[in-house]
Structures are given as structure tokens and as C-alpha cells.
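Architecture and fold: a report
Each chain is listed here by its residues.
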Amino acid sequence: MQQEKQQIAIFASGGGSNARKIIEYFKNSETIAVQLVVSNKKDAGVLDIAHASGIETLVIHRADFAREDQLLTELRARNIDYIVLAGFLLLVPTYLVAAFPQRIFNIHPALLPKYGGKGMYGHFVHEAVKAAGETESGMTIHLVNEQYDKGDILFQARCTLMPEDSPEDIARKVLALEHRYYAEVIEKTITETP
Ligand code: GAR
């Protein structure tokens, strides 16, 4: 008997380069399908990427994320099995964590537990890493719980930093690791979940 595909919803607030990689990776997958892209910003670049790939999109305003009925109804109507955060900058509300226990992935552009928590996202992370004079950085893929950047870590990858690297250079090195590994780790975790 043929297994049904696991359905993913990607949540993203920005440009969506990770979302693009994930959409491309699963385009011909027999086990996983990207069904929906959700954003809290109506002009987020990720929405264009989704449209170009024929993937349905949903814009939910910041205040409405807190309202349990709307988003959960939309996700259930589409039989979503997993949520993938890809540059999603709002705290995931507790009702969503409860509805998708150990089924929400996040990627963070540093080696957690360092440089995580509220306010630590995007360029703020790389500026803090630079200011601390770190000789390495990297990225962390983890499951999401009720606290920013605190869920179980699934995978980390590291890159070496040079003293002359700017925050932008660090961001480039880290993003290359994100693009290389995120979809693979999602696939491995989903296909190995009983
Ligand atoms: C990525 O570097 C991701 O790790 C980071 O935002 C960027 C999004 O890029 N996420 C966070 O900082 C979450 N705390 P993208 O829109 O090009 O995928």
C-alpha cells in the first residue's frame, strides 16, 4: 500500500532563501510535500517564491497568531503534519507547540545555546558573534518548544571565522551551512519518526 506523504507548512518572515531550498529539495519527494507557506508579512519575499512554485500561501498578521482558532483551523484543513520555521521571527504560540509536539523545526544562525533567545535573530546574532571575537560560528537545527531557541537540538554545523570577517561575512558562511543541511535534516527526522 502506498504511504501518504507527510505534509509540511513553512513559516517565514523574510526573504526566504531557506524556504526556497526546502521547496526545491522536496519537489520530487515521494515522502514529504511542502503544502503551505505562512508569513506574518504580506510583502515577504518568501511569498513570491511560494507562488512561483505553485504552493499555497497564507498571511497571518502578528496579532492573529495569538488567536488559536484561525491558524489551527487553516493548518488542520490542509492536514499539515509538520511546521518548518525558516527565518520566522515571532515566538511560536503555546497552542501551536501543543498541537504539534516535537513536530516544529527551527533553524538558528549560531551554535546554540550561545547567541540564542529573544531579540537574537538575523544580523543581531552575527554582530554579537563578531563583537565577542569568536573564532567559529555555525548553525543549529532544533525542535521548538515554548521558549525561544530552547528545544531539543537535532544537528549543528560549524564554520571557522577569520579575524577580518565582518558580520556580513559571518552571515554568508552560516547561511551556506543552513542551505546545505536544513532540508536533509528535516527529511531524516521525519522519515525516522515512528
Ligand atoms: C536565517 O539565517 C535563519 O537562520 C535566521 O534568519 C535567516 C533567514 O534567512 N533565523 C533566525 O535568526 C531565527 N532566530 P532566509 O529568509 O534567507 O531563509
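Before reading on, note that the structure itself is shown above.
Residues numbered from 1 in each chain as written. Predicted model: local features only at pLDDT ≥ 70, side-chain atom pairs only at ≥ 80, totals over all residues. Heavy atoms only, no water.

1. Some thoughts on the nonpolar core
- The biggest cluster of nonpolar side chains holds 39 residues, and the ones touching the most others in it are I8, I10, I22, Y182 and I186.
- No other element matches helix 7 (residues 167–192), which puts eight residues into this core.
- Leaving out residues up to four positions away in the same chain, I22 has contacts with I10, V34, V84, Y182, A183 and I186.
- Counting residues in each nonpolar core, the second largest holds 22 residues, with L72, I83, L90 and Y95 among its members. (Core = buried A, V, L, I, M, F, W, Y, C linked by side-chain atoms within 4.5 Å. Buried < 20%, exposed > 50% of the residue type's maximum accessible area, 1.4 Å probe, protein only. Helix = DSSP H or I, 4+ residues; strand = E, 2+ residues; numbered from the N terminus. Contact = heavy atoms within 4.5 Å.)

2. So, the packing of helix 6 (residues 122–131) against helix 7
- Viewed as axis vectors pointing N to C, helix 6 and helix 7 meet at an angle of 115°, and their least axial separation amounts to 9 Å. Taken as a pair, helix 6 and helix 7 cross one another with a handedness that is right-handed. In this structure, helix 6 uses H126, E127, V129 and K130 to contact helix 7, whose residues at the interface are P167, I170, A171 and V174.
- A per-class count over the contact of helix 6 with helix 7 returns five nonpolar, one polar and two charged. (Axes fitted to C-alpha atoms, helices over the stretch in contact; angles between N-to-C directions. Left-handed = near helix turned anticlockwise from the far one by under 90°. Nonpolar A, V, L, I, M, F, W, Y, C, P; charged D, E, K, R; others polar.)

3. Some words on the site of the ligand
- Around the ligand lies a shell of 13 residues, among which G16, S17, N18, G122 and E178 are the nearest.
- N18 is positioned with one of its backbone polar atoms (N or O) 2.9 Å from an oxygen atom of the ligand.
- Classifying every residue of the shell around the ligand gives five nonpolar, seven polar and one charged. (Near = heavy atom within 4 Å. Polar contact = N/O pair within 3.5 Å; in protein donor to acceptor, adjacent residues only side chain to side chain.)

4. Regarding the sheet that holds strand 7 (residues 153–160)
- Spatial ordering of the open sheet is given by 3-2-1-4-5-6-7, a layout of seven strands whose pairing is mixed. The two strands at the open ends of the sheet, each matched to only one other strand, are strand 3 (56–59) and strand 7. For this sheet, the mean inter-axis angle between neighbouring strands, taken without regard to orientation, is 20°.
- Bridging between strand 5 (residues 104–108) and strand 6 (residues 136–143) involves four bridges; their strand directions are antiparallel. In the strand pairing of strand 6, H108 is matched with T140.
- Those strands touched by helix 1 (residues 17–26) are strand 1 (6–11), strand 2 (32–39), strand 4 (82–85) and strand 5, and its axis lies near 155° from that of strand 2.
- Of the strands in this sheet, strand 2 and strand 3 touch helix 2 (residues 45–52), which is tilted by about 145° from strand 2. (Pairing = 2+ DSSP bridges.)

5. Considering the pattern of salt bridges
- This model, assessed by the stated rule, comprises 10 salt bridges.
- A salt bridge links D64 to R67; the shortest N-O distance between them is 3.5 Å.
- Salt bridges sharing common partners tie together E56, E74 and R78. (Salt bridge = Lys/Arg side-chain N within 4 Å of Asp/Glu carboxyl O.)

6. Topic: the packing of aromatic side chains
- Summed over the entire model, instances satisfying the criterion amount to seven aromatic pairs.
- Taking 5.2 Å as the distance between ring centres and 80° as the angle between the ring planes, the aromatic pair formed by Y121 and F124 counts as edge-to-face.
- Judged by its relative accessible area of 35%, Y121 falls in the partly exposed class.
- With a centroid separation of 4.8 Å and 50° between ring planes, the pair formed by F155 and Y181 is classed as tilted. One end of the pair, F155, is in strand 7; the other, Y181, is in helix 7, and 26 residues separate them in sequence.
- An aromatic cluster of three or more residues is present, and its members are F11, F65 and F88.
- Cation over ring: R103 sits above Y82, and NZ or CZ is 4.6 Å from the ring centre. (Phe/Tyr/Trp six-rings, centres within 6.5 Å; stacked < 30°, edge-to-face > 60°. Lys NZ or Arg CZ within 6 Å of the ring centre and 35° of its normal.)

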